[in-house]
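Chain and residue survey
So you can see what is in the structure, the chains are spelled out below.
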Amino acid sequence: MTRPYREVPFRDELLADGTVRRAYADGRQEWRRRGAGGVVTWRDNRGRTGVDELLGGRVVKRRIGETAVLYGRDVGYGRTTWSDGVLTVNQTSAGGRAGLIIAGIGAAGLLPALVDPPFAMTPEEEEALRQQQAQQASSGSGGSGDSGGDTTVAADSDWSSSDDGTGDDFG
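Heads up: these notes are all about the structure in this document.

What counts, and at which threshold
Residues numbered from 1 in each chain as written. Predicted model: local features only at pLDDT ≥ 70, side-chain atom pairs only at ≥ 80, totals over all residues. Heavy atoms only, no water. Phe/Tyr/Trp six-rings, centres within 6.5 Å; stacked < 30°, edge-to-face > 60°. Helix = DSSP H or I, 4+ residues; strand = E, 2+ residues; numbered from the N terminus. Buried < 20%, exposed > 50% of the residue type's maximum accessible area, 1.4 Å probe, protein only. Lys NZ or Arg CZ within 6 Å of the ring centre and 35° of its normal. Pairing = 2+ DSSP bridges. Axes fitted to C-alpha atoms, helices over the stretch in contact; angles between N-to-C directions. Contact = heavy atoms within 4.5 Å. Core = buried A, V, L, I, M, F, W, Y, C linked by side-chain atoms within 4.5 Å. Polar contact = N/O pair within 3.5 Å; in protein donor to acceptor, adjacent residues only side chain to side chain.

Structural notes on the packing of aromatic side chains
Applying the stated criterion across every chain yields a total of 1 aromatic pair. Plain terms: the ring middles of Phe10 and Tyr24 are 5.5 Å apart, the flat faces sit at 55° to each other, and that makes the pair tilted. You can see Phe10 sitting in strand E1 (residues 6-14) and its partner Tyr24 sitting in strand E2 (residues 20-24), a full 14 residues away along the chain. Using a relative accessible area of 1% as the deciding quantity, one classes Phe10 as buried. The exposure class assigned to Tyr24 is buried, which follows from its relative accessible area of 7%. Over the face of the ring belonging to Tyr24 we find Arg28, whose NZ or CZ atom lies 3.9 Å from the ring centre.

Put into structure tokens, the structure is as follows:
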């Protein structure tokens, strides 16, 4: 059974230096930069830093500082569920805007169901998902988006959105 989520919309803005400023509706802001291996490093307006990594199977690992970890699951249409009970919704991507329109006209039942992310994972489980992700990327079967949450990261697309209903930068 899926638990209730607190919805937090966000918008991304590409900055001149190649970073992205992510502004959440709850007042948080993050400055994000794509790193080697498809990870995204970030810092926020609360003094925290971290790394988001797409593990595979639409699961995202968010490391906060040196010790804290959250897991997210891309559920499509710019939506990512997080293990702390938050549902982030990308209002920047075409998929996220489509999801908002679908929900806004009262047809939320047409959106893919929310799927809980893992609450915790062992290093072995994480590595199995990384291997799955690497295999999908090498076979070319992944999408072209990034998010909190979301699909295979294409090597040549830094901060571009995809139109396949997925998010664009790990949740």
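So, the sheet that holds strand E3 (residues 29-34)
Here we have 9 strands rolled up into a closed barrel, ordered E1-E2-E3-E4-E5-E6-E7-E8-E9, and mixed in their pairing. Direction aside, the axes of adjacent strands within the sheet are offset by 30° on average. Running over the sheet, helix H2 (residues 123-139) touches strand E5 (49-56), strand E6 (59-64) and strand E7 (68-76) and is turned about 65° from E5.

Focus on the pairing of E7
Pairing of E6 with E7, which is carried by 6 bridges, proceeds in the antiparallel orientation. Within the sheet, the bridge partner assigned to Lys61 lies in E7 and is Tyr71. Between the antiparallel neighbours E6 and E7 lie 3 residues, among them Gly65 with a positive phi of about 65°. With 4 bridges connecting them, E7 and strand E8 (residues 79-82) associate as antiparallel partners. Across the sheet, Arg73 pairs through a bridge with Thr81, a residue of E8.

What to know about the nonpolar core
Counting residues in each nonpolar core, the largest one holds 10 residues, listed as Val8, Phe10, Tyr24, Trp42, Leu54, Val60, Ile64, Leu70, Trp82 and Val86. Those elements that provide at least two residues to this core are E1 and E6. Counting residues in each nonpolar core, the second largest holds 5 residues, with Leu55, Val59, Tyr71 and Leu129 among its members.

Remarks on the side chain of Lys61
Among the secondary structure elements, Lys61 is positioned in strand E6. At a separation of 2.9 Å, a polar atom in the side chain of Lys61 contacts the side chain of Glu126. Residues in contact with Lys61, not counting those within four places in the same chain, are Val51, Asp52, Glu53, Leu55, Val69, Leu70, Tyr71, Glu126 and Arg130.

Examining unusual backbone geometry
A positive phi angle is found at Arg58, which is not glycine, with a value near 65°. When you line up the elements, Arg58 lands in the loop between E5 and E6. With a phi close to 55°, Tyr77 is a non-glycine residue in the positive phi region. Within the fold, Tyr77 resides in the loop between E7 and E8.

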